[in-house]
Every structure is written in C-alpha cells, then in structure tokens.
Amino acid sequence: VVTKSFDLWEGFASSGPGGVVNSWYNTEKITGRIVTYEGTTERNDVHRGDICKVGDDYYVFNDGGSVAHSPTTLPIQWYKLP
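J.: Quick rundown of the pattern of salt bridges? Include the residues and the values.
T.: Opposite charge on two side chains allows them to pair when their charged atoms are near. Tallied over the entire structure, the rule returns 2 salt bridges. For the salt bridge of Arg 33 with Asp 50, the shortest nitrogen-to-oxygen distance reads 2.6 Å. Residue Arg 33 is found in the loop between helix H1 (10-14) and strand S1 (34-35), and its partner Asp 50 is found in the loop between strand S2 (44-45) and strand S3 (51-54); the two are separated by 17 residues along the sequence. Under the relative-accessibility criterion, Arg 33 is labelled partly exposed at 36%. A salt bridge links Asp 57 to Lys 80, with the shortest nitrogen-to-oxygen separation between them at 3.6 Å. Pair noted here: Asp 57 is in strand S4 (residues 57-61) and Lys 80 is in strand S6 (residues 78-80), with a separation of 23 residues, a long-range link. The class for Asp 57 is partly exposed, based on a relative accessible area of 30%. Its relative accessible area of 43% is what places Lys 80 among the partly exposed residues.

The rules behind these values
- Residues numbered from 1 in each chain as written.
- Predicted model: local features only at pLDDT ≥ 70, side-chain atom pairs only at ≥ 80, totals over all residues.
- Heavy atoms only, no water.
- Salt bridge = Lys/Arg side-chain N within 4 Å of Asp/Glu carboxyl O.
- Helix = DSSP H or I, 4+ residues; strand = E, 2+ residues; numbered from the N terminus.
- Buried < 20%, exposed > 50% of the residue type's maximum accessible area, 1.4 Å probe, protein only.

Just geometry here; none of it tells us what the structure is for.
This is how it looks when you write it as structure tokens:
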C-alpha cells in the first residue's frame, strides 16, 4: 500500500513494499493481522502493516513502535485505505 506520494525509480521499486530501500513512511506491506479496539484509551500491540476496521473504514498501521491507539484516537499513526 502506498501511503504517501514520493518519487519512484527502479532501485527503489525493486525492494518491494516494506523493503529495506522503501521507507515505511511511504509504503507498507499488509500483514493480514486485524487489530480491534474497545475504547478510546485502549492501546494494542501492533506491527507496521496491521489493519484496523472502524465502522466501514479500514486503516493500516504505518508508524514506528509496537504499541498504538486506535485510528480514531491517534490518526497520525494510521493510513486510511481508500
């Protein structure tokens, strides 16, 4: 998933999503793991590429660290999938 616009060249693309060359600020490889939140203060263990569903919307975690609040509480840690 491309999460931000950036210039792309062959060497950059060859590492694939979430690869060493690609910055995780720009792309993220979906893990397939779905994270749920019960409330606004809850924090969960997450990995870059984990998915969270809020209502009818899906978000992918694309921040550093391994603990996150929900996309509704701390949206800067998440990318809303179009």
